[in-house]
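Structure assessment
So the chains spell out like this:
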Amino acid sequence: MTDLLRAEGVSAFYGASQILFDVDLALAEKRTLALLGRNGAGKSTTMKTLAGIMPARGGRIFFAGRDITRAPAHARARLGLAYVPEDRQVFPEHSVEDNLLIAAKNGPDGRRDWTLPRIWETFPLLAKLRSRDAGRLSGGEQQLLVIARALMGNPLVLLLDEPSEGLAPIVVATISRVLRELGASGATILLAEQNMHFCLRIAEEAVVIDKGKVVHRQDTAGLVGNEDIRRRYLAM
Ligand SMILES: Nc1ncnc2c1ncn2[C@@H]1O[C@H](COP(=O)(O)OP(=O)(O)O)[C@@H](O)[C@H]1O
Ligand SMILES: [Mg+2]
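A brief look at the structure comes next. Values in this document were obtained by computation on a predicted structure and should not be read as measured data.

**Remarks on the pairing of strand β8 (residues 189-193)**
- The element β8 is extensively covered by neighbouring structure, given that five of its five residues are classed as buried.
- Burial of β8 is two-sided: the residues I189, L191 and E193 facing one way and the residues L190 and A192 facing the other way are all buried.
- In terms of strand pairing, strand β3 (residues 32-36) meets β8 through five bridges, oriented parallel. The residue bridging A34 from the neighbouring strand is L191, located in β8.
- Two strands pair when backbone bridges link them, and strand β7 (residues 157-161) and β8 are joined in this way by four bridges, in the parallel orientation. Across the sheet, D161 pairs through a bridge with A192, a residue of β8.
- Viewed along the sheet, the connection from β7 through helix α7 (residues 169-184) into β8 turns out right-handed.

Below, the structure written as structure tokens:
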């Protein structure tokens, strides 16, 4: 298996304060990796650094065989790295369908696996809401929309920052199902989460981050039984 996305010894700073320390991550093609950690652990900073929203001050980032450490965010997106930030921004005065069409493009390999019909099939809830203004959707519906919108760009990798955060259990279950289906259909996903239980049936493997450092790696099934790590680094 080849790594599609790899971070080696990455450090990042906000001004003078160092947030990430020597972060190593490897995401193999067609796998889902969970990036777990408490609030403030450095998950979003890691995602932003991978997406090119924040610079890596040290270390290297490789994507699809290239060194993208210095590449700007838009170049990384064009190479097929889709970043879905935690703030769920939609174009509020455009319909669900228009939000999706705005993002439609061929993947970096020229493929167009994701089109509107496949989105409607995968996200039946969005199909029902296709004419509604995106600003009138619930938080969970907006989360589904931003995931679907990222897929419309036919990316090679999805970076999802806390898709379950603050959502009602029923919507969380829908998002969980969608992500499991995506994984089964061969998508490659990095999933940042505080909620370990949400990740269990989605990600095969987990990396635990704390105070900006990777402190543990384990298969998610094993992590459930690892009380020590859970107590020390996760909120349960
Ligand atoms: N814009 C910012 N300026 C300064 N410090 C920040 C900023 N954003 C986040 N931080 C700090 O960086 C650390 C990691 O934050 P973050 O990556 O958002 O964690 P997580 O996503 O795991 O909750 C925290 O200590 C947080 O206070
Ligand atoms: Mg965060």
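Resuming the write-up.
**Points about empty space enclosed by the protein**
- All told, the structure shown has one cavity of 30 Å³ or more when counted by the stated rule.
- Within this model, the largest cavity holds a volume of roughly 30 Å³.
- Along its surface, the largest cavity is lined by A7, V10, L20, V23, T46, T49, L50 and I61.
- Taken together, the elements giving at least two residues each to the lining of the largest cavity come down to β1 (3-14), β2 (17-28) and α1 (43-51).
- Classifying every residue of the lining of the largest cavity by side-chain character gives six nonpolar, two polar and no charged.

**Observations concerning the site of ligand 1**
- Lining the immediate surroundings of ligand 1 are Y14, I19, R38, N39, G40, A41, G42, K43, S44 and T45.
- Between ligand 1 and G40 there is a distance of 2.7 Å, counted from an oxygen atom to a backbone nitrogen or oxygen.
- Between ligand 1 and S44, the relevant distance is 2.8 Å, taken from an oxygen atom to a main-chain nitrogen or oxygen of the residue.
- Protein chains shield 58% of the accessible area of ligand 1, which is 560 Å² for the free molecule.
- For the shell around ligand 1, the element with the highest residue contribution is α1, accounting for three residues.
- For the shell around ligand 1, a count of residues per class yields three nonpolar, five polar and two charged.

**Structural notes on the packing of aromatic side chains**
- A full pass over the atoms with the stated rule returns zero aromatic pairs.
- Note that R118 overlies the ring of W114, its terminal NZ or CZ placed 3.6 Å from the centroid.
- Stacked on the ring of F21, the Lys or Arg K213 has its end atom at 4.9 Å from the ring centre.

**Overview of the layout of surface pockets**
- One number sums up the size of the largest pocket: a volume of about 600 Å³.
- The wall of the largest pocket is formed by 23 residues, among which A77, A82, Y83, R149 and A150 lie closest to the centre.
- The dominant element in the lining of the largest pocket, judged by the number of residues it contributes, is strand β6 (residues 81-84), at four residues.
- In this structure, the second largest pocket spans a volume of roughly 440 Å³.
- The wall of the second largest pocket is formed by 19 residues, among which R111, D113, P155, G186 and A187 lie closest to the centre.

**Things to note about unusual backbone geometry**
- The residue R88 is not glycine, and still its phi comes out positive at about 55°.
- Within the fold, R88 resides in the loop between β6 and α3 (96-102).
- For K211, which is not a glycine, the phi torsion comes out positive at approximately 45°.
- Its relative accessible area of 66% is what places K211 among the exposed residues.

**Notes on the packing of helix α6 (residues 139-152) against α7**
- Relative orientation of the contacting elements α6 and α7 amounts to 15°, with a least axis distance of 9 Å. Here α6 is positioned roughly parallel relative to α7, judged by the angle of their axes. Helix-helix and strand crossings are classified by hand; for α6 and α7 the assignment is right-handed. Contact residues: α6 offers G140, Q143, L144, I147 and L151, while α7 offers V171, T174, I175, V178, L179 and L182.
- Among the residues forming the contact of α6 with α7, the class breakdown is eight nonpolar, three polar and no charged.

Criteria and thresholds
- Per chain, residue numbering runs from 1 following the sequence as it is written.
- Labels follow written order: the first chain is A, the first ligand is 1, and so on.
- Thresholds applied to this predicted model are a pLDDT of at least 70 for local features of residues and 80 or more for the giving and counting of side-chain atom pairs; totals over whole chains, interfaces and linings are not thresholded and use all residues.
- Side-chain metrics rest on all non-hydrogen atoms present in the structure, leaving aside hydrogens and water.
- The rule is simple: take the accessible area with a 1.4 Å probe, protein chains only, and divide by the maximum for that residue type; under 20% is buried, over 50% is exposed, in between is partly exposed.
- Under the DSSP-based scheme used, a helix requires at least four consecutive residues in state H or I and a strand at least two consecutive residues in state E, with every element numbered from the N terminus.
- Here, strands pair whenever DSSP counts at least two bridges between them.
- Orient the strands so they point away from the viewer, and a crossover whose first-strand-to-second-strand path over the helix runs clockwise is right-handed.
- The definitions used throughout rest on a 1 Å grid laid over the protein atoms alone, on which a cavity is an enclosed set of points accommodating a 1.4 Å probe that cannot get out and a pocket is an open set flanked by protein within 12 Å on both sides along at least five of seven lines; lining residues are those having an atom within 4 Å of a point.
- Grid points are joined across faces, edges and corners, and a volume is the space filled by probe spheres set on the points.
- Gly counts as polar in this scheme, as do all residues outside two lists: the nonpolar Ala, Val, Leu, Ile, Met, Phe, Trp, Tyr, Cys and Pro, and the charged Asp, Glu, Lys and Arg.
- Summary of the distance rule: residues count as near a molecule or strand when at least one heavy atom falls within 4 Å of that molecule or strand.
- For this analysis, a polar contact is any N or O atom pair within 3.5 Å, provided that within protein one partner can donate a hydrogen and the other can accept it, and provided that sequence-adjacent residues contribute only side-chain to side-chain pairs.
- Note on areas: Shrake-Rupley with a 1.4 Å probe; residue coverage comes only from the protein chains shown.
- Ring geometry is summarised as follows: Phe, Tyr and Trp rings, the Trp one being its six-membered ring, pair when their centres sit within 6.5 Å, and such pairs are stacked at plane angles under 30 degrees, edge-to-face over 60 and tilted between the two.
- Only Lys NZ and Arg CZ are tested; either one counts as a charge over a ring when it is within 6 Å of the ring centre and within 35 degrees of the ring normal.
- Throughout, an axis means a line fitted to C-alpha atoms (over the contacting stretch in the case of helices), and angles, computed between N-to-C directions, take values from 0 to 180 degrees.
- Under this scheme an angle from 65 to 115 degrees is roughly perpendicular, one under 35 degrees roughly parallel, and one over 145 degrees roughly antiparallel; angles in between are oblique.
- For any helix crossing, the convention is left-handed if the near helix is rotated counterclockwise from the far helix by under a right angle, and right-handed if that rotation is clockwise.
- In what follows, a contact means two residues having at least one pair of non-hydrogen atoms within 4.5 Å.

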